[in-house]
Amino acid sequence: MQGGLGSAGALSHAYVQHPPLRCDIPDIRGLFYDDANKFLIAPTADRILYWKIALCTPSGPPNSDPVNEGPVLSVRFSLDQKAIGIQRSNREVEFRNRETGEACSNKCRADSETMLGFFWTDCPTCDVIIIKTSGLDLLVYERQSNALRLVESKKFNMSWYLYTHESRLLLLASGMQSTLFTGYQFSAGGIVKLPKFEMIMSTCEANNKPVLAATDVHIVTVYAFCLHVFSCTNFTCSVIFLKFGRYGRIYCLQLDRVNMGLNLYRFYRDAVVQQFVGTPVSLWIKLQIYLQGTLPIYSSRIAVSAVDNIIMVHQIDAKVVILYDVFMDSFTPISAPLPLLVRGLPSNNRQPGQLADHQSAYGGTIYGEGWNFLIPDLICDSENGLLWKLHLDLEAVAASTSDAPSVLELLQRRKSDLSMVKTLSLAIVRTIILERRPITMVAKAMAVILDSYSCLMKMGGSVSGVRRASEQQQSSGQPFEDSSVILLEPPSRTMIRPVVNTESASGVETRPPQSNSGVEHGIASLAAHVDRTSLNTSSNSDDIINTSRGSQTSDATSERPQALGEDRRPLASGTSIQHGPHGAGVAISPIEMFQSVFVLVEDEMMGDPAYLIAVIMEFLRSMSKAGLKAPPKLYVMMTALLAHSNRYAEIALFVSNKILEPSRELAMQLIELGRHHLLTRKLGVDMLRERCLHDDYVAALLHEGYYLEALRYARKYKVITVQPALFLEKAVAMDSVQNLAAVLSFFSEFTPSFKTTLDYSRYRHILSEMI
């Protein structure tokens, strides 16, 4: 493989799709990316060319705006796209009104200060933030008068800064090694100031202290669902409320070249913590021993991207990419290091003999010198004027591991290519059942699917044809709300030498999961009666749900210090994410599980149905814990499997203990199986009566020959749908004058119009002949 370019059939978990956006226009003076408006910008001598970057790679000519001639260091459009900011030098930023063409400038006042950059903000107190080596200037852009008004200046020395619009987070580096940081978040909710903190830098020699560069630090935002549980208690009762939404976790990844690691930090409003895995005995042990908050790297040059909430760490020298899911219980990569591929190349560009010519393949080199990785998932090839979008191959990720529950957890957290996620999830469950994997693994896999669907139901989502066991109990509760606020979770973490707020507290309370206790107890007590010879059983019944208080809007200008134990709240990303379409697209309902998993595997497992019976038992257990009801046809399938194994005693046990939920479908199946086992038929007939299915119960009695009892039942419950001819034929077959006379008398009284029918005349004649 030359230059990291693989063939179309090579295995890879990450790829870029050909063709890219081509912006190799003559006479452009560089390429810039406006992450707030998703614009790729190419300035020329007197114009600004820009492309709108949407979900799909755009095509066609760029848009353009006239500007004054001069050097361009950076370009950013205002958030309403009515003005353009152009940094002309390290001492001047020009602002241009796009409607009138008028311009104004902001320049450094002191000769000792230098402008490092600027950005637009949706903060209610200011429109533009200018970063200087001497501090920050918060400005309001007055479009009518085409002027800038200074709102506030924050004075402190810094060496460089880092900002992403997605997180709204600004990091300011200072100190001899540029490892001391001050952070601000400028969002629509106001200004949040983080306490100062210091990043860890390893040293190889006592007198040689490396300096942290801006290219060694990356800000990444990933999203996930959250469940917020809070209670309101008075003297008479305690009410539990639930609040759901999607929230963004803000992480910072810092390259440590000496230690060949990538330190992972997470931001909170009153602390910055390094993420670690495990439950150490004390904070001191965690600081001294646990180093799993550092992701290993294999290259001195790395880049970071975020695709579908997966963190991609590009090992540029090794020309491979490693994937991490920070929501997993460990920071182990979810895949082996594999190359980044270009997919969609024309067939004549994928011949083996042409792979050595990097330019002939697509016009550039994979991980070339001109590649600039843009947060979250874009790559700008400035040397060749190309813009690539990174993609995640979920099918390749799913095929790379045999740990089905972990793969399913990963898939359920994805929000792109929803149909692929659902198809892969169902295929994985079918495969592990057909391969007869241990029951414990299958149970965990099914629990992942059902928990995801249950979470969607709690958030008010809907998938057709599915019921919740607690629907009727929720009719009087408060409506669920969507929230983009980050909720405090109890991660294992280590404080990283904070300058202030050094106390530690979790503020976390735990609540046991709610479940259908009756069915759960019944399944547990009857598990011993199921023949599971040589089968493993599931015992994962001690899960807990962790909850805590949600964060509140911070005051726009308050810098009041807080004790860390008083209120540690994760820093919100400022980006509101809707959860409805994603949840409804990924979540798999119990009906879909039945139709796409159990129905498809049933025929292949009829030779030895004991394993499938055990799987269905675990599925019912998970359904009960999630508060969901199984499709009636699943109970029908289970009774058929038990009868196929001549396990009629267990059918009776499950029916009597309501493990098999009564339904018309199940009752008819029991009656059908009763042709070979009379007790099973009686169970079905009794179920019809208990469910008040009068028509079916009368038909069942008539089929068994108890037509007089059926008549008495029909009279008692006024079953008017019975056909008189069926009862009359039974009476004639019994060759009993009394019975035939009784049936004729019954229908004459029960159905007044019966005397006018042909059946009355016919059987009245038969009765007279019998007499």
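Every residue gets a number counted from 1 within its own chain, in the order that chain's sequence is written. With pLDDT at 70 or above as the cut-off, local features in this predicted model cover only qualifying residues; side-chain atom pairs require 80 or more to be listed or tallied, and sums for whole chains, interfaces and linings still use all residues. To get the side-chain values, take all heavy atoms of the structure and skip hydrogens and water.

This part covers the overall build of the protein chain. A count of helices and strands for the protein chain gives 19 helices and 33 strands. Out of the 771 residues in the protein chain, the part that is buried amounts to 51%. In the protein chain, the share of contacts with a sequence separation of at least 24, taken over all contacts with a separation of at least 6, comes to 60%. Using a 1.4 Å probe, the Shrake-Rupley method yields the accessible areas, and only the shown protein chains count as cover for residues. For the protein chain, the accessible area works out to roughly 35,200 Å², and carbon and sulfur atoms hold 51% of it. A helix here means a DSSP run of H or I that spans at least four residues, while a strand means a run of E at least two residues long, and both kinds are numbered starting from the N terminus. Three labels apply to residues, based on accessible area from a 1.4 Å probe with only protein chains included: buried if under 20% of the type maximum, exposed if over 50%, partly exposed otherwise in between. Residue contacts follow a heavy-atom distance rule, with two residues in contact if any of their heavy atoms lie within 4.5 Å.

By the convention used here, strands pair only if DSSP detects at least 2 bridges between them. Read across the sheet, 3 strands follow the order β24-β25-β26 without closing on themselves; strand pairing throughout is antiparallel. At either end of the open sheet lies a strand with only one pairing partner, and these are β24 (302-307) and β26 (320-324). Averaged over all pairs of adjacent strands, the angle between their axes in this sheet comes to 25 degrees, without regard to strand direction. Where strand β25 (residues 310-315) lies against β26, 5 bridges are found, and the strand directions are antiparallel. Counterpart to Ile-311 in the pairing with β26 is Tyr-324. In this description, a line fitted to the C-alpha atoms serves as the axis of each element, helices being fitted only across the stretch in contact, and the angle between N-to-C directions of two axes falls anywhere from 0 to 180 degrees.

Buried together is how nonpolar side chains tend to be arranged in soluble globular proteins. If you look at the biggest cluster of nonpolar residues, it comprises 116 residues, and the most contacted ones within it are Ile-433, Met-593, Phe-598, Ile-616, Met-638 and Phe-727. Looking at this core, the element that brings in the most residues is helix α10 (residues 610-626), giving 11 residues. In this structure, Phe-598 is in contact with Ile-433, Met-446, Met-593, Leu-612, Val-615, Ile-616, Phe-619, Leu-634 and Met-637, ignoring residues within four places of it in sequence. If you look at the next biggest cluster of nonpolar residues, it comprises 19 residues, including Val-220, Leu-253, Ile-322 and Tyr-324. Nine residue types can take part in a nonpolar core, namely buried Ala, Val, Leu, Ile, Met, Phe, Trp, Tyr and Cys, and a core is a set of them joined through side-chain atoms within 4.5 Å.

What follows covers the packing of aromatic side chains. Only rings of Phe, Tyr and Trp enter the pairing, Trp through its six-membered ring, and a pair is recorded when the two centres are within 6.5 Å. The plane angle decides the type: under 30 degrees is stacked, over 60 is edge-to-face, the rest tilted. Under the counting rule described, the total for this entry stands at 21 aromatic pairs. Considering the side-chain rings of Phe-197 and Phe-267, the 5.9 Å spacing of their centres and the 75 degrees angle between planes classify their relative orientation as edge-to-face. Separated by 70 residues along the polypeptide, Phe-197 in strand β18 (residues 190-198) and Phe-267 in strand β21 (residues 261-268) bring together distant segments of the chain. Both residues of the pair, Phe-197 and Phe-267, count as buried.

For the rest of this paragraph, the subject is the sheet that holds strand β9 (residues 92-97). In space, the 4 strands of this open sheet follow the order β7-β8-β9-β10, with antiparallel pairing throughout. Of all the strands in the sheet, just β7 (74-77) and β10 (103-107) have a single pairing partner and so form its edges. Averaged over all adjacent pairs, the angle separating strand axes in this sheet is 20 degrees, with direction ignored. Sheet topology places β7 next to strand β8 (residues 83-89); 4 bridges connect them, and they run antiparallel. Along β8, the bridge assignment pairs Arg-76 with Gly-85.

Scored from 0 to 100, pLDDT records how confident the predictor is in each individual residue. When pLDDT is averaged across the protein chain, the result is 76; 73% of the residues are at 70 or more. Low confidence marks residues 277-292, where pLDDT is under 50. Its contacts with residues over four positions away, or in another chain, come to 26 contacts.

Residue His-18 is joined to Pro-19 through a cis peptide bond whose omega torsion reads 5 degrees. Despite not being glycine, Asn-309 shows a phi value in the positive range, around 65 degrees. Here Asn-309 lies in the loop between β24 and β25.

Further remarks concern the pattern of salt bridges. By salt bridge we mean one thing: a side-chain nitrogen of Lys or Arg within 4 Å of a carboxyl oxygen of Asp or Glu. This structure, assessed with the given rule, holds 28 salt bridges. The shortest N-O distance in the salt bridge between Glu-369 and Arg-301 comes to 3.8 Å. Of this pair, Glu-369 sits in the loop between α2 (358-361) and β28 (371-374) while Arg-301 sits in the loop between β23 (294-296) and β24, and the two are 68 residues apart along the sequence. Close ionic contact of Asp-325 with Arg-414 constitutes a salt bridge, the shortest N to O distance being 3.8 Å.

Another point: the side chain of Thr-294. With respect to the helices, strands and loops of the structure, Thr-294 is situated in strand β23. Within the structure, Thr-294 has its side chain in polar contact with the side chain of Asn-263 (distance 2.6 Å). Once residues within four sequence positions are removed from consideration, Thr-294 is found in contact with Asn-259, Gly-261, Leu-262, Asn-263 and Gln-274. Think of a polar contact as two N or O atoms within 3.5 Å of one another; within protein, one of them needs to be a possible hydrogen donor and the other a possible acceptor, and neighboring residues in sequence only count if both atoms come from side chains.

Let us look at the side chain of Gln-254. Among the structural elements, Gln-254 can be located in strand β20 (residues 238-256). For Gln-254, a relative accessible area of 0% translates into the label buried. Within polar-contact distance, the side chain of Gln-254 engages the backbone oxygen of Ile-200 at 2.7 Å. Each residue touching Gln-254, except ones within four places of it in the same chain, is listed here: Met-199, Ile-200, Met-201, Leu-212, Asp-216, Gly-261, Leu-262, Asn-263 and Tyr-265.

At a minimum axis distance of 11 Å, the contact between helix α17 (residues 724-733) and helix α19 (residues 758-770) shows a crossing angle of 10 degrees. As summarised for this structure, α17 and α19 are arranged roughly parallel, according to the angle between their axes. On α19, the residues that touch Ala-725, Leu-728, Glu-729 and Val-732 of α17 are Asp-759, Tyr-763 and Ile-766. Its residues assigned to classes, the contact of α17 with α19 shows 5 nonpolar, no polar and 2 charged. Working rule for angles: under 35 degrees goes down as roughly parallel, over 145 as roughly antiparallel, 65 to 115 as roughly perpendicular, anything else as oblique. Ten residue types, Ala, Val, Leu, Ile, Met, Phe, Trp, Tyr, Cys and Pro, are classed as nonpolar, four, Asp, Glu, Lys and Arg, as charged, and the remainder, Gly among them, as polar.

On to the packing of α10 against helix α11 (residues 632-644). α11 packs onto α10 with a crossing angle of 150 degrees between their chain directions and a minimal axis gap of 10 Å. The orientation of α10 with respect to α11, classified from their angle, is roughly antiparallel. As for how α10 packs across α11, the hand of that crossing is left-handed. Contacts between α10 and α11 involve Leu-612, Ile-613, Ile-616, Met-617, Phe-619 and Leu-620 on the former and, on the latter, Leu-634, Tyr-635, Met-637, Met-638, Leu-641 and Leu-642. Grouping the amino acids of the contact of α10 with α11 by side-chain chemistry returns 12 nonpolar, no polar and no charged. Crossings are sorted by hand: turned counterclockwise from the far helix by less than a right angle, the near helix makes the crossing left-handed, and turned clockwise it makes it right-handed.

Now for helix α14 (residues 678-690). Take the residue count of a helix, subtract one, and multiply by 1.5 Å to get its expected span. Relative to the 18 Å expected for 13 residues at 1.5 Å per residue, α14 spans 18 Å between its end C-alpha atoms, a close match to the ideal helical length. Listed as buried for α14 are Thr-680, Arg-681, Leu-683, Gly-684, Val-685, Asp-686, Met-687 and Leu-688. Elements that come into contact with the buried residues of α14 comprise α12 (648-656), α13 (664-673) and α15 (694-703). Just beyond α14, the residue with positive phi is Cys-692, at close to 60 degrees.

For strand β4 (residues 39-43) and strand β5 (residues 47-52), the ladder comprises 5 bridges, and the chain directions are antiparallel. Residue pairing across strands places Phe-39 opposite Lys-52, the latter belonging to β5. Bridging between β5 and strand β6 (residues 63-66) involves 4 bridges; their strand directions are antiparallel. By the bridge assignment, Tyr-50 is partnered in β6 with Asn-63.

Glancing now at the pairing of strand β1 (residues 14-17). Judged from the 3 bridges that link them, β1 and strand β30 (residues 386-392) form a sheet pairing that is antiparallel. Residue pairing in the sheet places Val-16 in a bridge with Leu-390 of β30. Two elements, β1 and strand β27 (residues 341-343), share 3 bridges in a ladder whose sense is parallel. The residue of β27 that forms the bridge with Gln-17 is Arg-343.

Time to look at the state of the cysteines. We call a pair of cysteine sulfur atoms a disulfide when they lie within 2.5 Å. In the structure shown here, the tally under the stated rule is 0 disulfides. Not part of a disulfide, Cys-380 finds its nearest cysteine sulfur in Cys-23, a span of 5.9 Å.

As for its placement among the helices and strands, Arg-647 is situated in the loop between α11 and α12. Residue class for Arg-647 comes out buried when judged on its relative accessible area of 10%. A polar contact of 2.8 Å, which involves the side chain of Arg-647, links it to the side chain of Glu-650.

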